[in-house]
Amino acid sequence: MSLFKARDWWSTVLGEKEEFDQGCLCLADVDNTGNGQGDGAQAEDLLLEVHLRDPILQVEVGKFVSGTEMLHLAVLHSRKLCVYSVSGTLGNVEHGNQYQIKLMYEHNLQRTACNMTYGSFGGVKGRDLICIQSMDGMLMVFEQESYAFGRFLPGSLLPGPLAYSSRTDSFITVSSCRQVESYKYQVLAFATDADKRQETEQQKLGSGKRLVVDWTLNIGEQALDICIVSFNQSASSVFVLGERNFFCLKDNGQIRFMKKLDCSPSCFLPYCSVSEGTINTLIGNHNNMLHIYQDVTLKWATQLPHIPVAVRVGCLHDLKGVIVTLSDDGHLQCSYLGTDPSLFQAPKVESRELHYDELDIELKELQKIIKDVNKSQGIWPMTEREDDLKVSVMVSPNFDSVSQATDVEVGTDLVPSVTVKVTLQNRLVLQKAKLSVYVQPPLVLTCDQFTFEFMAPEMSRTVAFSVYLKGSYTPPELEGNAVVSYTRPSDRNPDGIPRVIQCKFRLPLKLICLPGQPSKTASHKLTIDTNKSPVSLLSLFPGFASQSEDDQVNVMGFRFLGGSRVTLLASKTSQRYRIQSEQFEDLWLITNELIIRLQEYFEKQGIKDFACSFSGSMPLQEYFELIDHHFELRINGEKLEELLSERAVQFRAIQRRLLTRFKDKTPAPLQHLDTLLDGTYKQVIALADAVEENQDNLFQSFTKLRSATHLVILLIGLWQKLSPDQVAILEAAFLPLQQDTQELGWEETVDAAISHLLKTCLSKSSKEQALNLSSQLNIPKDTSRLKKHITLLCDRLAKGGRLCLSTDAAAPQTMVMPGGCTTIPESDLEERSIEQDSTELFTNHKHLIVETPVPEVSPLQGVSE
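Cut-off values and rules
- Residues numbered from 1 in each chain as written.
- Predicted model: local features only at pLDDT ≥ 70, side-chain atom pairs only at ≥ 80, totals over all residues.
- Heavy atoms only, no water.
- Helix = DSSP H or I, 4+ residues; strand = E, 2+ residues; numbered from the N terminus.
- Buried < 20%, exposed > 50% of the residue type's maximum accessible area, 1.4 Å probe, protein only.
- Contact = heavy atoms within 4.5 Å.
- Areas by Shrake-Rupley, 256 points an atom, 1.4 Å probe, with all protein chains shown as cover.
- Pairing = 2+ DSSP bridges.
- Axes fitted to C-alpha atoms, helices over the stretch in contact; angles between N-to-C directions.
- Parallel < 35°, antiparallel > 145°, perpendicular 65-115°, else oblique.
- Nonpolar A, V, L, I, M, F, W, Y, C, P; charged D, E, K, R; others polar.
- Core = buried A, V, L, I, M, F, W, Y, C linked by side-chain atoms within 4.5 Å.
- Salt bridge = Lys/Arg side-chain N within 4 Å of Asp/Glu carboxyl O.
- Patch = residues over 30% accessible without salt bridge, like charges linked within 9 Å, V, L, I, M, F, W, Y side chains within 5 Å.
- Lys, Arg positive; Asp, Glu negative; His and termini not counted.
- Charge placed at Lys NZ, Arg CZ, Asp CG, Glu CD.
- pLDDT = per-residue confidence, 0-100.
- Phe/Tyr/Trp six-rings, centres within 6.5 Å; stacked < 30°, edge-to-face > 60°.
- Lys NZ or Arg CZ within 6 Å of the ring centre and 35° of its normal.
- Left-handed = near helix turned anticlockwise from the far one by under 90°.
- Polar contact = N/O pair within 3.5 Å; in protein donor to acceptor, adjacent residues only side chain to side chain.
- 1 Å grid on protein atoms, 1.4 Å probe; cavity = no way out; pocket = protein on both sides within 12 Å on 5 of 7 lines; lining within 4 Å.
- Points joined across faces, edges and corners; volume = space filled by probe spheres on them.

Check the secondary structure of the protein and you find twelve helices and 38 strands. Out of the 865 residues belonging to the protein, those deemed buried represent 41%. A fraction of 62% describes how many contacts in the protein between residues 6 or more apart in sequence connect residues 24 or more apart. Surface exposure of the protein reaches about 49,400 Å², of which carbon and sulfur atoms provide 50%.

Next up, the structure:
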């Protein structure tokens, strides 16, 4: 039994398939017995049930009948207000008392009602008046059996909660403008009649009185309910329950206090507190919780079996403080807080002596068993061999007859599209299986989200979509990924266990590339060595051979749709292939495609010992230039956003100055404020365009950087003959982000990952392992530290270091220096000055960093007076 669960004292379910709201619960002595309950009535008795033909919006109990001060029941329908008398007669049999309901009077409404409130309007004694708010914002006041008047609230769009304050004799509501408004009853009574809403010329001259608000308070959110609390004659409080906060206001609309709520509220009830000067509030929320606050301090939280839409506190059967809650589906419950006393006492446990030597032996055996299980099975439990869902992807070998490419930014080239089909076959019944397809930008899909319902086992569903190139630059990868998420019900979890299955597919090179003219000269060249005789390029790339050069089997040109060109050459005498291009990042796709097609070619020939290698110098200088360009765009973006923020602040300040001048009753010269406003506006627009252009350039630069990073990882793997697991570690370190932002960028993330590798598996001494790396990732001042770490990583791999994630391999390794290698100073991990070693580190490179500063824009630049 939990201390924080509401204790059920009595509960029942009302009606069948009916809906209830906050106006459907009222706690009162409706039969006028004087004690709040019928004589001899039991809590489980249904005292009275009457079927009314119209839907009920709200029920209230008050002195609604003239000539008597007895309580009567008011029932609000959408087009009618009915007042009933409830009375009981003493029963002579075991069935108990009998209750009857009698209609005293009713009012037919000309407008659709929304809600109502009641009270002694205007300070009348011994009777209650009723005010009904219609759906179009009209307040209709009824003096018991007669209709008094009706008034439209100014600017009303949607009706809000309505309450009456007897101390100030005013109505309080929350308008659709999200502000609390208070209207005096006297102002409503003497204002223009709602039936004469159109002002005449005579009323414009001053004969009629306009309805004006007494006070307003902007709370910035819609209100769920309003309650007026007055525990003494000197002051009263207005409580407003919003969607995220609840407010306590004074009589004049000033905020007494407010409280931000952690959960979405559903109802509330302020009531008196035992501490003088404080008010307790019950707040129910959509997490089935009821919170009790004393002013703004949470005093208690209790769990309910339902979401309450109405809550009351009353005295039932001499039990004070009973909490009555009602849910939207009719669960009515009377409960109290705390727990029942428990009489159970735990028996004493027999003590025994502890043998610590035996416990140590048992603990070591258990640890050995756990370690063996983790090594053999891994951390995650073994899954079933047969999958619940099978996903297969088929890429069409031919282009679409009609290209699906739209809004492309490639240029004059005709952009093709290719169809991809994804087939899902289920073994079990699965509901709401969602398929998401992802490709690398600037590749786009005609549709990337699909939803399936597998209502029977062994069903098969197939969807088709097209892929095409939208941008004028090349994607970093031609690999796509189809991911299906679904839930599988189990005995312990009927709602289902979430599961994910994915299937990768490869797009054809011809989707982004065309046959081109080979080039003899290029700025960037790579040479890949193999252990087999060279293969004809026509057999490797059959779709890219030019008809006029069928005899040139050792040279082939490629032209990307963006315009850049790549040339591939196969040596006639040696076992080498050369890839060359004017752009360093363009080498990646053709190099990767060449290695993949060579592997597939020799696998078909039955040759299993084919291998590629790279013996040239690592192109770090070209790679660093792309890193510097990407980092420069990030810095420019920060400067532009800072300038844009300054100009926006200046623009709002000028607007305030102008507004003050225009509101002034005595005209004053503008002193060129209008000219300054126009100039600042033009600067804001220009800076916003510059920010957007820089973001586009940054995205393209990041895509090129990812292509170059893939190429560097490939070359390091071929250079050091790394295993697939070691290549995966490099990819995780160098490619941690799909896209970078100003808050978390590629440079600081990769620098932290490489520093971790240098500190653990590639560490040179135990002193480096003891260093603590910074836990915060902030944008660096420059890229010198990152470039130094990348160079240091390559140097340690060249000296015999190996990448691994095992903790056993983090011990200091003995570096074997190959012949002819020069040592590279390693001092950055010992927190030495970066500037001290940067000259030594890049001795063999001519490295130039060019920073383009953002021009300062003066407040009046380009503005003529």
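Attention now moves to the sheet that holds strand β16 (residues 245-249). Ordered in space as β14-β15-β16-β17, the four strands form an open sheet in which the pairing is antiparallel. The open sheet has two edge strands with one neighbour each: β14 (223-229) and β17 (255-260). Averaged over all adjacent pairs, the angle separating strand axes in this sheet is 15 degrees, with direction ignored.

Running from amino to carboxyl end, helix α8 (residues 724-734) crosses helix α9 (residues 746-759) at an angle of 140 degrees, the nearest separation of the two axes being 8 Å. In terms of orientation, α8 and α9 fall into the oblique class. When α8 is examined against α9, the residues Ile 729, Ala 733 and Phe 734 are found in contact with a partner set consisting of Trp 746, Val 750, Ala 753, Ile 754 and Leu 757. When grouped by side-chain class, the residues that make up the contact of α8 with α9 number eight nonpolar, no polar and no charged.

Moving on, we get to the nonpolar core. Core analysis: the biggest nonpolar cluster contains 98 residues, and Leu 435, Phe 558, Tyr 623 and Phe 734 have the highest contact counts within it. The element best represented in this core is helix α7 (residues 673-720), accounting for ten residues. When sequence neighbours within four positions are dropped, the list of residues in contact with Phe 558 reads Leu 509, Cys 513, Leu 514, Gly 516, Phe 541, Phe 544, Ser 564, Arg 565, Val 566, Leu 568 and Ile 590. In terms of nonpolar packing, the next biggest core, distinct from the first, is built from 16 residues, Leu 109, Met 138, Met 140 and Phe 142 among them.

This brings us to the sheet that holds strand β29 (residues 449-454). Spatial strand order, β29-β27-β31-β32: four strands in an open sheet with antiparallel pairing. Of all the strands in the sheet, the pair left with one neighbour each is β29 and β32 (497-506). With direction set aside, neighbouring strand axes in the sheet form an average angle of 20 degrees. Inspection of the sheet shows strand β27 (residues 430-438) paired to β29 by five bridges, in the antiparallel sense. Bridged to Ala 433 within β29 is Phe 452.

Turning our attention to the pattern of salt bridges. Applying the stated rule across the entire model yields 20 salt bridges. For Asp 54, the salt bridge is made with Lys 80, and the minimal N-O distance between the two is 3.4 Å. Of the two residues, Asp 54 sits in the loop between β1 (7-13) and β2 (56-62) while Lys 80 sits in strand β4 (residues 80-89), which places them 26 residues apart along the sequence. With relative accessibility at 32%, the residue Asp 54 sits in the partly exposed group. Beyond isolated ion pairs, a larger network of salt bridges with shared partners links Asp 388, Arg 427, Arg 488 and Arg 499.

The next subject is a negative patch on the surface. A contiguous patch of negative charge on the surface is contributed by Asp 407, Glu 409, Asp 689, Glu 692, Glu 693 and Asp 696. Mapped onto the elements, Asp 696 comes out in helix α7.

Before going further, it helps to spend a moment on a nonpolar patch on the surface. A cluster of nonpolar residues, Leu 47, Leu 48 and Val 50, forms a patch on the protein surface that exposes about 220 Å² of accessible area. Within the fold, Leu 47 resides in the loop between β1 and β2.

Further remarks concern the pairing of strand β10 (residues 162-165). With burial as the criterion, each face of β10 is covered, one bearing Leu 162 and Tyr 164 and the other bearing Ala 163 and Ser 165. Strand direction decides the pairing type here: β10 and strand β11 (residues 170-174), joined by four bridges, are antiparallel. Along β11, the bridge assignment pairs Tyr 164 with Phe 171. Here β10 folds back onto β11, and the loop between the two strands holds four residues, one of which, Asp 169, carries a positive phi near 50 degrees.

Residues at a pLDDT of 70 or more form 83% of the protein, whose mean pLDDT is 82. Across residues 197-208 the pLDDT falls below 50, and counting only partners more than four positions away or on other chains, this stretch makes seven contacts in the model. When the criterion is pLDDT under 50, residues 807-865 qualifies, and its contacts beyond four places in sequence or with other chains add up to 105 contacts.

This part covers the packing of aromatic side chains. Under the definition given, this model contains 20 aromatic pairs. Ring plane angle 55 degrees and centroid distance 5.8 Å describe the contact between Phe 246 and Tyr 293, whose orientation is recorded as tilted. Of this pair, Phe 246 sits in strand β16 while Tyr 293 sits in strand β20 (residues 289-294), and the two are 47 residues apart along the sequence. Owing to a relative accessible area of 0%, Phe 246 belongs among the buried residues under this scheme. By way of ring pairs, the aromatic residues Phe 121, Phe 149, Tyr 164, Phe 171 and Tyr 185 are connected into one cluster. The residue whose ring lies beneath Arg 461 is Phe 454, and the NZ or CZ to ring-centre distance is 5.9 Å.

Our focus in this paragraph is the environment of Asp 21. Looking at the secondary structure, you find Asp 21 in the loop between β1 and β2. Those residues in contact with Asp 21, other than ones at most four positions away along the chain, are Val 309, Ala 310 and Leu 326.

Before going further, it helps to spend a moment on the packing of α9 against helix α11 (residues 784-798). α11 packs onto α9 with a crossing angle of 35 degrees between their chain directions and a minimal axis gap of 10 Å. Seen along the crossing, α9 lies across α11 with a hand that is left-handed. Contacts between α9 and α11 involve Trp 746, Glu 747, Val 750, Asp 751, Ile 754, Ser 755 and Leu 758 from the former and Arg 785, Leu 786, His 789, Ile 790, Leu 792, Leu 793 and Arg 796 from the latter. Residues that form the contact of α9 with α11 fall into these classes: eight nonpolar, two polar and four charged.

Before going further, it helps to examine the side chain of Arg 597. Along the polypeptide, Arg 597 turns up in helix α5 (residues 587-604). Polar side-chain contacts of Arg 597 include one of 2.9 Å to the backbone oxygen of Leu 540.

Another aspect to go through is the environment of Lys 250. Turning to its location among the elements, Lys 250 is positioned in the loop between β16 and β17. What makes Lys 250 partly exposed here is its relative accessible area of 33%. Distance from Lys 250 to Ala 235, taken between C-alpha atoms, is 8.1 Å for residues 15 residues apart in sequence. Once residues lying within four places of it in the same chain are set aside, the contact partners of Lys 250 are Trp 215, Val 238 and Arg 256.

On to the side chain of Lys 80. According to the relative accessible area criterion, Lys 80 is buried, its value standing at 16%. At 3.4 Å, the side chain of Lys 80 and the side chain of Asp 54 are in polar contact.

Once that is clear, we can look at empty space enclosed by the protein. Scanning the model with the defined rule gives four cavities of 30 Å³ or more in all. As for the largest cavity, its lining consists of 15 residues, and the residues nearest its centre are Leu 153, Ser 156, Leu 158, Val 174 and Ser 175. Taken together, the elements giving at least two residues each to the lining of the largest cavity come down to β11 and β12 (179-184). Looking at the second largest cavity, the residues that line it are Leu 261, Asp 262, Cys 263, Ser 264, Pro 265, Ile 283, Asn 285, His 291 and Tyr 293. Put simply, the parts of the chain that give the lining of the second largest cavity at least two residues each are β19 (279-285) and β20. Among the residues forming the lining of the second largest cavity, the class breakdown is five nonpolar, three polar and one charged.

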